[in-house]
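Observations on the model geometry
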Amino acid sequence: MYDLILRRARLVDDTIIDIAIQDGKIAALGDITGAAREERLLSGDYYLSAGWIDSHVHCYPNSPIYHDQPDSVGIATGVTTVVDAGSTGADDIDDFYQLTREVETEVYALLNISRVGLIAQNELADMANIDPAAVRDAISRHPDFIVGLKARMSSSVIGDNGLKPLERAKAMQQAHDNLPLMVHIGNTPPEIDDIAPLLEAGDIITHCYNGKPNRILSPDGTLRASITDALKRGVRLDVGHGSASFSFEVAQRAIALGIVPHTISSDIYCRNRINGPVRSLAHVMSKFLAIGLSLPQVIDCVTRHAAQGLRLGHKGVIAAGADADFTVFAPRRQPVLFTDSDQHSLAAELQLLPLAAVRAGKWFTTEQGSAEHAFDL
């Protein structure tokens, strides 16, 4: 007997399937005739995808700057997996790890290359904070929790250190099985044209559509040659919306040039969740539908592509043996005025509403799902 069967699930390609779950994994797909301890009929006006993965959040509750509760940015909003992007370094990763053992959302961490993490905005201004031995020990303590490294390469963070923090990050990355490295692009120095040549296949540029002068587009609106070359090498682009790092104008121009993101992420924490402009991963995803990406493109960015970029091979797909993580959501036609990080607006008619999540085979109805009475049966 299965633990749970999801009946008549409609995927984003409009395929209708049954999904059987056992011990937190997908056990069978198709027309399932067996019995289960629990069944859910998903025959309403909604879709099911692999569980959404937000590959750039800030959810270490004890961070003095960017903090939130993992379940507030995760399972409560239909997101089954979150990846905290550098809130913690080697000094506080143990505390963060212990806190995440008590939540429903699956949490991973990109370890800040500064051992002190985000206790201040300038964590890379003192090169003594970049301690390879401390990074090594942290990774050895939490090899299944730390899925990569994070380097924030903007002037307020690095002080007078130029490219040296990134060069240290690359050395540490290579010493640890070439772990994924996420690089924050912000205000100069350093210039993006100096950062991009140091990045290699699998490295991630986050805040890729920021509206600051230090952005992926040249002043004439073309893609910078350094970014063209980086993409050819296999460097990945992550949205990382955040409070100050997403521009409709830049995103629309880049996408018109064919420069679509590999991953859509929120860079969410309590303030931009409650007050905007981020709100939730679903809200950010909806902005990309408004810009012109298709629903399958958007879903790939928070499932398959997100899992691939962070080497989460057991997530992001609906296949036998994969984690039984799913998001149930509805596209709703209703007027909405979206706002980017530069306070520019975009009117749209479609929003994605997360109605429920399944995490390791356990069902959670979101606040929106309860409000719509979607699963009363």
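Computed from a predicted model, the values in this text were never measured in an experiment.

1. As for empty space enclosed by the protein
Going through the model one piece at a time under the given rule, you end up with two cavities of 30 Å³ or more. Of the voids in this model, the largest cavity is the one considered here, and its volume is about 60 Å³. Taken together, S55, M182, I204, R236, D238, T263, H305, A306, G309 and L310 make up the lining of the largest cavity. The element best represented in the lining of the largest cavity is helix α12 (residues 304-309), accounting for three residues. Its residues assigned to classes, the lining of the largest cavity comprises four nonpolar, four polar and two charged. Every residue lining the second largest cavity is listed: A50, G51, I53, T80, T81, K315, G316, V317, D323 and D325. Class assignment of the residues belonging to the lining of the second largest cavity gives a composition of three nonpolar, four polar and three charged.

2. Observations concerning the UniProt feature "binding site: Zn(2+) 1" (unreviewed entry) in the protein chain
Using the residue numbers shown here, the UniProt feature "binding site: Zn(2+) 1" (unreviewed entry) corresponds to H56, H58, K150 and D267. For the annotated residues, spread through 212 residues, the largest C-alpha to C-alpha distance comes to 13.0 Å, consistent with a single compact locus. Taken from the residues named earlier, the lining of the largest pocket is made up of H56, H58, K150 and D267. By the secondary structure assignment, H58 is in the loop between β6 (52-57) and α1 (70-73). H58 has contacts with Y66, H67, D68, D84, A85, S87, L118, K150, D267, I268 and Y269, leaving out every residue within four places of it along the chain. At 3.2 Å, the side chain of H58 forms a polar contact with the side chain of D267. Position of D267 among the secondary structure elements: in the loop between α8 (248-256) and α9 (270-274).

3. Details of the UniProt feature "site: Transition state stabilizer" (unreviewed entry) in the protein chain
Here, the residues flagged by UniProt with the feature "site: Transition state stabilizer" (unreviewed entry) are R152. Note on placement: R152 falls in strand β9 (residues 146-153). Beyond its immediate sequence surroundings of up to four residues, R152 is in contact with Y66, L118, A120, Q121, E123, L124, V157, I158 and H184. Side chain to side chain, R152 and E123 meet in a polar contact 2.8 Å long.

4. Focus on the nonpolar core
If you look at soluble globular proteins, the nonpolar side chains tend to sit buried side by side. Formed by 81 residues in total, the largest nonpolar core has its most connected members in W52, Y209, I216, I264, M285 and F288. Considering each element in turn, this core owes the most residues, seven residues, to helix α10 (residues 281-291). When residues of this core are assigned to domains, at least three map to each of domain 1 (2-49 + 321-372) and domain 2 (51-310). Ranked by size, the runner-up nonpolar core spans 22 residues in total, among them L6, I21, A330 and L353.

5. Regarding the pattern of salt bridges
Counted under the stated rule, the structure contains 26 salt bridges. Notably, a salt bridge pairs K25 with D323, separated by 2.4 Å at the nearest N-O pair. One end of the pair, K25, is in strand β3 (residues 25-30); the other, D323, is in the loop between α12 and β13 (326-339), with 298 residues separating them in the sequence. Its relative accessible area of 8% is what places D323 among the buried residues. The residue D137 makes a salt bridge to R136 at a minimum N-O spacing of 3.1 Å. With a relative accessible area of 32%, D137 lands in the partly exposed category. A single network of salt bridges, built from pairs that share partners, joins K25, E106, K315, D323, D325 and R359.

6. Some points on the domain arrangement of the protein chain
What the domain assignment reports for the protein chain is domain 1 (2-49 + 321-372) and domain 2 (51-310). Just the C-alpha atoms count here: the centres of domain 1 and domain 2 sit 26 Å apart. Between domain 1 and domain 2, a total of about 2,400 Å² is buried, with carbon and sulfur atoms accounting for 64% of that surface. For the interface between domain 1 and domain 2, the tally reads two salt bridges. As a salt-bridge pair, K362 and E104 come within 3.2 Å of each other at their nearest N and O atoms. Where domain 1 touches domain 2, the interface holds 12 residue pairs in polar contact (both at pLDDT 80 or more). When residues in the side of domain 1 that touches domain 2 are grouped by element, the largest group, 10 residues, is from strand β14 (residues 345-359). Across the side of domain 1 that touches domain 2, the residue classes tally to 13 nonpolar, nine polar and six charged.

The rules behind these values
- Residue numbers restart at each chain and count upward from 1, following the sequence in its written direction.
- With pLDDT at 70 or above as the cut-off, local features in this predicted model cover only qualifying residues; side-chain atom pairs require 80 or more to be listed or tallied, and sums for whole chains, interfaces and linings still use all residues.
- With hydrogens and water stripped out, all remaining heavy atoms of the structure feed into the side-chain values.
- Only protein atoms enter the 1 Å grid used here, on which a cavity is any set of points holding a 1.4 Å probe that cannot leave and a pocket is any open set flanked by protein within 12 Å on both sides along at least five of seven lines; residues with an atom within 4 Å of a point are listed as lining.
- Grid points are joined across faces, edges and corners, and a volume is the space filled by probe spheres set on the points.
- Numbering of helices and strands starts at the N terminus; helices are DSSP runs of H or I of at least 4 residues and strands are runs of E of at least 2.
- We call Asp, Glu, Lys and Arg charged. Ala, Val, Leu, Ile, Met, Phe, Trp, Tyr, Cys and Pro are nonpolar, and the rest, Gly among them, are polar.
- UniProt positions are given in the numbering used here, feature names are shortened, and annotations may be inferred rather than shown by experiment.
- Any pair of residues with heavy atoms lying within 4.5 Å of one another is described as a contacting pair.
- Any pair of nitrogen or oxygen atoms within 3.5 Å is treated as a polar contact; in protein, a donor-acceptor pairing is required on top of that, and neighbouring residues in sequence qualify only through side-chain atoms on both sides.
- By nonpolar core we mean a set of buried residues, namely Ala, Val, Leu, Ile, Met, Phe, Trp, Tyr and Cys, connected to one another through side-chain atoms within 4.5 Å.
- Each residue is placed in one exposure class: buried if its accessible area under a 1.4 Å probe, protein chains only, is under 20% of its type's maximum, exposed if it is over 50%, and partly exposed if it falls in between.
- For each domain, the first and last residues come from an automatic or database assignment.
- Note on definitions: salt bridges are taken to be side-chain nitrogens of Lys or Arg within 4 Å of carboxyl oxygens of Asp or Glu.
- Here the quantity called buried area is the accessible surface, traced with a 1.4 Å probe, that two parts lose on coming together, added over both.

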